[in-house]
Amino acid sequence: MQSADEGVHATGCVIAGGGPAGMMLGLLLARAGVRVTVMEKHADFLRDFRGDTVHASTLRLLDELGLGERFAALPQRRIESLRLAVQGVPVDIDLRRLPGAHKHIALVPQWDFLELLAQAAEQEPTFTLLRNSEVLEALRTGSTVTGVRYRGADGVTREMYAPLTVACDGRGSTLRTSMAFVPKSFGAPMDVWWFRVPRTEVDPAGLAGAMGAGHVVAMIDRGDYYQCAFVIPKGSDQRLRSEGIGSLHRRVTAVVPWVADRIGSVTSFDDVKLLDVQLNRLPRWYTEGLLFIGDAAHAMSPVGGVGINLAVADAVAAARLLAGPLRAGAVTTRQLRRVQIRRWLPTVLVQGAQKTVHDRVIAVAVSEDSPAEAPAAVRLVSRVPLLRRIIGYGVAIGPLPEHAPSFARP
Ligand SMILES: Cc1cc2nc3c(=O)[nH]c(=O)nc-3n(C[C@H](O)[C@H](O)[C@H](O)COP(=O)(O)OP(=O)(O)OC[C@H]3O[C@@H](n4cnc5c(N)ncnc54)[C@H](O)[C@@H]3O)c2cc1C
């Protein structure tokens, strides 16, 4: 291998993207003694309007990694119940009966969570995080991926070679495009507007949601403000923006009347960010020398707020199955395939549940002629406590939760 000065480097595993999947995988592989380099295109993790929910299964994982106390010290809010009103029908999902030590979902700004993982990983001598470093494309020898070409913090383009490249670069994955891997899309009936409104101490804590008047609103308590997700019909962003900001105020207060006294703090559409909701999955998550995990393998809908946890669980499974081969310096496609097999079922189940909610609840709620009555499925859930407990378990813990591998435990 040539020297670093010539713009060519080598590592044991290169990870594109320092989101939940990339940072967790980097930490675990480093604890296994694998030389690992994470490349994150941003200088920091400070990006607003990203997922904030750390679910009970991830909280347990952090305990197993010896990071539970440090996580608990982060500023956070707790969600012990999910409250939703669908066309006036209340659906309260109580999480306090979950099995295990954590009977809640923690609301933590994603940047704090990622910074915690970065600090823990940086204690390992084999870990490197290259901030401000953007992966541009996969390097290939024949059909085998041998690393990445990237632009470093100094603007210089370099090459990094590794026996394994892991694409954790999110739903707009550059490596996916570079390799012409195309995910299968399951469609989505909605997009989401994100904005903030002030919150006072007497307002509802945790997560509040409401449906009605053709819209769905989820309000995430961040202490002195709510981060609001306002669901609009797919593709209607431009049309609704052209109606002016007063129209947004009216639409929001029609669903959540008690924010009428502060919705004026959203003064223009410059304060409103559009999320193009996607639900998709790659048929194959790997090729020789390359693995896709997290949103790069399966973009999640915001329904249930489970994307971080699924991304983290993918990383745990990948680390457990690949740390040994990586320490030996070579990973086969068969070993990569095992990661997909392990994570396929939970991904399919969660995305299937999200699609059902899209089709049965949200598509109905945001349709032009949204019915006055809540969908039958919602009325059933509101009446049957067992169904609400199953939903609570599915959201807060999820199918096939992953445990920390022994090599990553303190
Ligand atoms: C607006 C919004 C709200 C959401 N709310 C929730 C929620 O409340 N709870 C929840 O669990 N999930 C939520 N999700 C989903 C959740 O954020 C994702 O499922 C999860 O973050 C996926 O993790 P990831 O690591 O796979 O990808 P990402 O979190 O997307 O991370 C990818 C990382 O790669 C970096 N990157 C991208 N391209 C490159 C490149 N070429 N080179 C180097 N770095 C690159 C990005 O900067 C980013 O840091 C939300 C998603 C969105 C968009």
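Model, not experiment: these values are computed from the prediction. (Residues numbered from 1 in each chain as written. Predicted model: local features only at pLDDT ≥ 70, side-chain atom pairs only at ≥ 80, totals over all residues. Heavy atoms only, no water.)

## Description of the sheet that holds strand S4 (residues 53–54)
Put simply, the rule is: In this description, strands pair whenever DSSP reports at least two bridges between them. For helices the rule is a DSSP run of H or I covering at least 4 residues; for strands it is a run of E covering at least 2, with both sets numbered from the N terminus onward.
Read from one edge to the other, the open sheet built from 3 strands follows the order S4-S8-S5, with strand pairing classed as antiparallel. At either end of the open sheet lies a strand with only one pairing partner, and these are S4 and strand S5 (77–79).

## Quick notes on the nonpolar core
What counts is decided by this rule: Nonpolar cores were defined as sets of buried Ala, Val, Leu, Ile, Met, Phe, Trp, Tyr and Cys residues, with membership established by side-chain atoms within 4.5 Å. Buried, partly exposed and exposed residues are distinguished by accessible area as a fraction of the type maximum, computed with a 1.4 Å probe on protein chains only: under 20%, between the cut-offs, and over 50%, respectively. Note on contacts: a residue pair is in contact if any heavy atoms of the two residues lie within 4.5 Å.
Met 24, Phe 71, Leu 117 and Leu 291 are the most contacted members of the largest nonpolar core, which has 56 residues in total. Contributing elements (two or more residues each) for this core: strand S2 (13–16), helix H1 (20–31), strand S3 (36–39), helix H2 (56–64), helix H4 (110–122), strand S9 (127–130), helix H8 (307–328) and helix H9 (333–365). In terms of residue count, H8 provides more of this core than any other element does, 10 residues in total. Dropping the residues within four chain positions of it, Leu 117 is found in contact with Met 23, Met 24, Leu 27, Leu 62 and Leu 67. Of all hydrophobic cores here, the second largest spans 33 residues; its members include Ile 93, Leu 275, Val 361 and Val 366.

## Digging into the packing of aromatic side chains
Rules: Only the six-membered ring of Trp is used, alongside the rings of Phe and Tyr, when aromatic pairs are assigned; centres must lie within 6.5 Å, and planes under 30 degrees apart are stacked while those over 60 apart are edge-to-face, with the rest tilted. The criterion for a charge sitting over a ring is simple: Lys NZ or Arg CZ within 6 Å of the ring centre, and within 35 degrees of the ring normal.
Applying the stated rule across the entire model yields 7 aromatic pairs. An angle of 25 degrees between the planes, with centres 6.1 Å apart, marks the rings of Trp 193 and Phe 230 as stacked. Of this pair, Trp 193 sits in strand S15 (residues 190–198) while Phe 230 sits in strand S18 (residues 225–233), and the two are 37 residues apart along the sequence. Comparing Trp 193 with Phe 230, the two get one shared label, buried. Their ring planes at 50 degrees and their centres at 6.2 Å tell us that Trp 285 and Trp 344 sit as a pair that is tilted. Pair noted here: Trp 285 is in the loop between strand S20 (280–281) and strand S21 (286–287) and Trp 344 is in helix H9, with a separation of 59 residues, a long-range link. With relative accessibility at 31%, the residue Trp 344 sits in the partly exposed group. Ring pairs connect the aromatic residues Trp 193, Phe 195, Phe 230 and Phe 269, which therefore count as one cluster. The ring of Tyr 225 carries Arg 196 above its face, with NZ or CZ at 4.1 Å from the centroid. Looking at Arg 284, its charged tip hangs above the ring of Tyr 286, at a distance of 4.7 Å from the centre.

## Considerations on the confidence of the model for the chain
The test is simple: What pLDDT reports is the predictor's confidence in each residue, on a scale of 0 through 100.
Of all residues in the chain, 96% attain a pLDDT of 70 or more, and the chain-wide mean is 92. Every residue in residues 1–5 is under pLDDT 50, and counting partners more than four places away or in other chains gives 6 contacts.

## A word on the environment of Ala 218
Relative to the helices and strands, Ala 218 is located in strand S17 (residues 215–221). Separated by 13 residues in sequence, Ala 218 and Val 231 have C-alpha atoms that sit 8.4 Å apart. Leaving out residues up to four positions away in the same chain, Ala 218 has contacts with Ala 208, Gly 209, Gln 227, Cys 228 and Ala 229.

## Re the environment of His 102
To keep things clear, this is the line we draw: Any pair of N or O atoms that falls within 3.5 Å is considered a polar contact. Within protein, one atom must be able to donate a hydrogen and the other to accept it, and sequence-neighbouring residues count only if both atoms are side-chain atoms.
Topologically, His 102 is positioned in the loop between strand S7 (89–94) and strand S8 (105–107). In this structure, the C-alpha to C-alpha distance between His 102 and Arg 158, residues 56 residues apart in sequence, is 44 Å. Ignoring any residue separated from it by four or fewer positions in sequence, one finds His 102 in contact with Ala 56, Leu 59, Arg 60 and Asp 63. Engagement of the side chain of His 102 in a polar contact is seen with the side chain of Asp 63, the distance being 2.6 Å.

## Observations regarding the sheet that holds strand S16 (residues 207–212)
Worth spelling out the cut-off: Here an axis means a line fitted to C-alpha atoms, over the contact stretch when the element is a helix, while the angle between two N-to-C directions is reported on a 0 to 180 degree scale.
Across the sheet, which stays open at both edges, the 7 strands sit in the order S7-S6-S16-S17-S18-S15-S19 with mixed pairing between neighbours. Only two strands of the sheet have a single partner each, and these edge strands are S7 and strand S19 (273–275). Averaged over all pairs of adjacent strands, the angle between their axes in this sheet comes to 20 degrees, without regard to strand direction. Across 6 bridges, S17 lies against S18 in antiparallel orientation. Looking at S18, one finds that Asp 221 is bridged to Tyr 226. Strands in contact with helix H10 (residues 376–383) are strand S6 (81–86) and S7; relative to S7, the strand with the most contacts, it is inclined by about 50 degrees.

## Brief notes about the state of the cysteines
Quick note on the threshold: In what follows, a disulfide is any cysteine sulfur pair within 2.5 Å.
Enumeration according to the criterion identifies 0 disulfides in this entry. Cys 13 takes part in no disulfide bond, and the closest cysteine sulfur, belonging to Cys 168, lies 8.3 Å away.

## Focus: the packing of H8 against H9
Heads up, the condition is: Note that the term roughly parallel is reserved for angles under 35 degrees, roughly antiparallel for angles over 145, roughly perpendicular for angles of 65 to 115, and oblique for everything else. Take the far helix as your reference; a near helix turned counterclockwise from it by less than a right angle gives a left-handed crossing, and one turned clockwise gives a right-handed crossing. The classification used treats Ala, Val, Leu, Ile, Met, Phe, Trp, Tyr, Cys and Pro as nonpolar, Asp, Glu, Lys and Arg as charged, and all other residues, Gly among them, as polar.
Between H8 and H9, whose axes approach to 9 Å, the crossing angle comes to 160 degrees. With respect to their mutual orientation, H8 and H9 come out roughly antiparallel. With respect to the hand of their crossing, H8 and H9 are arranged in right-handed fashion. Residues Leu 310, Ala 313, Asp 314, Ala 317, Ala 318, Arg 320, Leu 321, Leu 322 and Pro 325 of H8 pack against Gln 335, Leu 336, Arg 338, Val 339, Arg 342, Arg 343, Thr 347 and Val 350 of H9. Here the residues of the contact of H8 with H9 are counted per class, giving 10 nonpolar, 2 polar and 5 charged.

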